[in-house]
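Structure at a glance
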Amino acid sequence: MQRRTFLRQSCVACFGLAGAGLLLEGCGSALPLVKLTPVGNTISVPAAVFAAQVMHVIVRSRTLENDILLVKENDTTYKALYLRCTHEGVGLTATDKKIFCSAHGSIFDFNGNVVKEPALRPLKQFKTSTDNTGIIIYLS
Amino acid sequence: MQGYRRLCMLISISVLLFWSTPSRSQVLTAEDSLYSGLLSKEQATVLSGYGEAAYALDLQKKTAEASLRRVVLFVGHKFNNRISLFTELELENALVAGNGSDEGITGKGGISMEQAFLKFNLDPTSYIVAGLFIPRVGFINENHLPTTFNGVDRPFLEELVIPSTWREIGVGFYSTIKSVPGLNYSVSLTNGLNSGGFTNGSGIREGRQLGSKAGGLALAATGSLLYYINDFRFQLSAYAGGSTAVEGRVADSLALNSGPFGNAVVLGDVNGQYIHNGWNIRIIASAVSIGNAAVINKAYASNTPELIYGAYGEAGYDLFYKKHHGEKSLIAFGRYEYMDLSARLPYNGIQNDVNRKQYIIAGLTYKPVRGVAIKLDYVHRITGEPNPALIVTPFPQQIPYYKSNGFLNVGMAYNF
């Protein structure tokens, strides 16, 4: 009976977590993600990834430990924020409102500034420029 | 005079050497070190830390306690872009010393490892941790840096119902649901609790094994969902694990179920937080079920309850927000906590209304700069009547108990 009670409570907990996850599936759409390979110390992001209304794109590269969030400010100005928490180096979760650290609760804005501790330093930013084909991110 | 000049010259040379010595240039900043993740700096070691001190005045007993509550040293090392080490060494209450020490007094402190784990990155949003780590339960367990919560003391619910800081040996997997921006999850498997340590009035806190020769075959599984949307954060987490920390032969003699999930403890919590324009509002509810409490009581006479639960709500507003946007802050906050640490007892349990507690807390948190906090608060604690049958110390030695008591607390905290 006690084992049964335990199994029942555990199953309720598991189904609760899984059910909540499924419910949340309908709550938003993922930020666009592009996987690119750097050439030298630059990553070229095609302008086409910024479709109409898209203001944030996640750039992933095998040579970087964490993703880069490319933020469109206007047609010629972009910010490239390294999605690595400046507190303990955990990969960050970007949404279309803010950037969150799931490990210790730090929050950053789209300028890379700290909104909430424990992180104390702003996110690392890479320089960017634009050309005829798209946006260039300079990794160093 | 000659001696004074020599002393000045010596100090000047020392200062110059200090500033120019190569070892100073080796001191790493967080931006340049473990966190940078750049290919050119594949290996790095970093130091960091946090700490807090407090002065607590008991208004009824007319006594006070001043203590350097904790100093934690973080040392991390990145072996390569895939593997990193995270360690936190904690000294509580300033002094750990025996009778024979030069300090002349016996220390009341403790030393422990709060975390020591390897982190294996699988991709930019998924990783595995292995070692002594803190599973994701509640707010404070993972996010316990003293500059990140209001109040000199941690919220009482997250010490008595959720026994923060709760770390055990095991393996954890952390990732995100890619189709839902902001949705994170974690699962972990750790060693279980030790029901022999359960103490009435402190929930399962004394049953934590904290990576210190955790005994028995007990295992525990923890799962969480953490969702960020707009200015909200929602979390749901569950823990289920065994609590028999003795070998099978001893467990049999005590009539305890042994095995990975013997004498199971199930803990769940749901919490939410809203942060916007200087407002910070958080609520949490948590419950613990100990199905086999009667058997544990028979084995250990610990008056273990079958059910524990509690909740709190807190609202804080940064009075400096409009001018400083969080760079400097003065937060006025209020919190109400309710918990029942023996909400349901087995047939062999003894009710003690002291375990039904309410806390009303109000205070200020001043942060002249991020990473530094000066705290002031007043805590009003209201409990039920102590059960006279459980008072073993006769009058007049019996320490008076105040059902309604106030505490004035002052503290400082840092994190770098």
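Residues numbered from 1 in each chain as written. Chains lettered and ligands numbered in written order. Predicted model: local features only at pLDDT ≥ 70, side-chain atom pairs only at ≥ 80, totals over all residues.

**Notes on the overall build of chain A**
From N to C terminus, chain A includes one helix and 11 strands. Each of the 140 residues in chain A was classed as buried or not, and the buried ones make up 39%. (Helix = DSSP H or I, 4+ residues; strand = E, 2+ residues; numbered from the N terminus. Buried ≥ 20, exposed ≤ 12 C-beta atoms within 10 Å, placed from the backbone.)

**Quick word on the nonpolar core**
Leu 157, Val 161, Tyr 239, Ala 240, Val 265 and Val 288 of chain B are the most contacted members of the largest nonpolar core, which has 51 residues in total. Counting residues in hydrophobic clusters, the runner-up holds 40 residues, among them Ile 68, Val 90, Cys 101 and Val 114 of chain A. (Core = buried A, V, L, I, M, F, W, Y, C linked by C-beta atoms within 7 Å.)

**A word on the confidence of the model for chain A**
On average, residues of chain A carry a pLDDT of 83, and 79% of them reach 70 or more. Contacts of residues 22-27 of chain A to residues separated by more than four positions or lying in other chains number seven contacts, the stretch itself having pLDDT below 50. (pLDDT = per-residue confidence, 0-100. Contact = placed C-beta atoms within 7 Å.)

**Remarks on helix H5 (residues 293-300) of chain B**
The α-helix advances 3.6 residues per turn, and as a result positions three or four apart in sequence lie on the same side. Residues and elements named next belong to chain B. Those residues of H5 lying buried are Ala 293, Val 295, Ile 296, Asn 297 and Ala 299. Looking at the buried residues of H5, the elements they touch are strand E11 (279-290). Just beyond H5, the residue with positive phi is Ala 301, at close to 50°.

**Examining the pairing of strand E11 (residues 134-138) of chain A**
Residue and element names in this part refer to chain A. Pairing of strand E2 (residues 42-46) with E11 involves five bridges; the strand directions are antiparallel. If you follow Val 45 over to E11, its bridge partner there is Ile 135. Across four bridges, the pairing between strand E10 (residues 125-130) and E11 is antiparallel. Bridge pairing links Thr 130 to Ile 135 in E11. In this antiparallel pair of consecutive strands, E10 and E11, the connection spans three residues. (Pairing = 2+ DSSP bridges.)

**Quick look at the environment of Leu 95 of chain B**
Inspection of the secondary structure assignment puts Leu 95 of chain B in the loop between strand E3 (83-92) and strand E4 (110-123). Apart from the residues within four sequence positions on either side, Leu 95 of chain B is in contact with Glu 103, Gly 107, Lys 108 and Gly 109 of chain B.

**Some points on the sheet that holds E10 of chain A**
Residue and element names in this part refer to chain A. Ordered by their spatial adjacency, seven strands build an open sheet running E1-E3-E4-E5-E10-E11-E2, and the pairing between neighbours is mixed. At either margin of the open sheet sits one strand with a lone partner, and together these are strand E1 (33-35) and E2. Neighbour to neighbour, the strand axes of the sheet diverge by 25° on average, direction disregarded. Pairing geometry for E1 and strand E3 (residues 56-60), over three bridges, is parallel. The partner of Val 34 across the bridge, within E3, is Val 59. (Axes fitted to C-alpha atoms, helices over the stretch in contact; angles between N-to-C directions.)

**Here we look at the confidence of the model for chain B**
Predicted confidence across chain B gives a mean pLDDT of 89, with 90% of residues reaching 70 or more. Long-range and interchain partners of residues 14-40 of chain B, a stretch whose pLDDT sits below 50, account for 33 contacts in this model, where long-range means more than four residues apart.

**Observations regarding the pairing of strand E6 (residues 168-176) of chain B**
Residues and elements named next belong to chain B. Covered by surrounding structure in E6 are Glu 168, Gly 170, Gly 172, Tyr 174 and Thr 176 only, the residues Ile 169, Val 171, Phe 173 and Ser 175 on the alternate face being uncovered. Where strand E5 (residues 126-133) lies against E6, seven bridges are found, and the strand directions are antiparallel. The residue bridging Tyr 127 from the neighbouring strand is Tyr 174, located in E6. Relative to strand E7 (residues 183-191), E6 runs antiparallel, the two being bridged by seven bridges.

**What to know about the sheet that holds strand E9 (residues 114-116) of chain A**
Residues and elements named next belong to chain A. Read from one edge to the other, the open sheet built from four strands follows the order E6-E7-E8-E9, with strand pairing classed as antiparallel. Each edge of the sheet is formed by a strand with only one pairing partner; in this case those strands are strand E6 (93-94) and E9. Taken together, the two bridges between E6 and strand E7 (residues 99-100) define a ladder with antiparallel strand orientation. Bridged to Thr 93 within E7 is Phe 100.

**Observations regarding the environment of Pro 368 of chain B**
By secondary structure assignment, the location of Pro 368 of chain B is in strand E14 (residues 356-369). Taking the C-alpha atoms as reference points, Pro 368 of chain B and Ile 229 of chain B, separated by 139 residues in sequence, lie 29 Å from one another.

**Some points on unusual backbone geometry**
Residue Pro 118 of chain A is bonded to the preceding Glu 117 of chain A through a cis peptide linkage, with omega at 20°. Here Pro 118 of chain A lies in the loop between E9 and E10. Despite not being glycine, Asn 93 of chain B shows a phi value in the positive range, around 60°. By the element assignment, Asn 93 of chain B lies in the loop between E3 and E4. Asn 93 of chain B sits in the partly exposed class, given 15 other C-beta atoms within 10 Å. The backbone of Lys 213 of chain B shows a phi angle near 50°, a positive value even though the residue is not glycine. Locating Lys 213 of chain B in the fold gives a position in the loop between E7 and strand E8 (219-229).

**Re the environment of Gly 109 of chain B**
Residue and element names in this part refer to chain B. Among the secondary structure elements, Gly 109 is positioned in the loop between E3 and E4. Measuring from C-alpha to C-alpha, the distance between Gly 109 and Leu 68 comes to 9.4 Å, with 41 residues separating the pair along the chain. For Gly 109, the residues in contact, after removing those within four places along its chain, are Leu 91, Glu 92, Asn 93, Ala 94, Leu 95 and Val 96.

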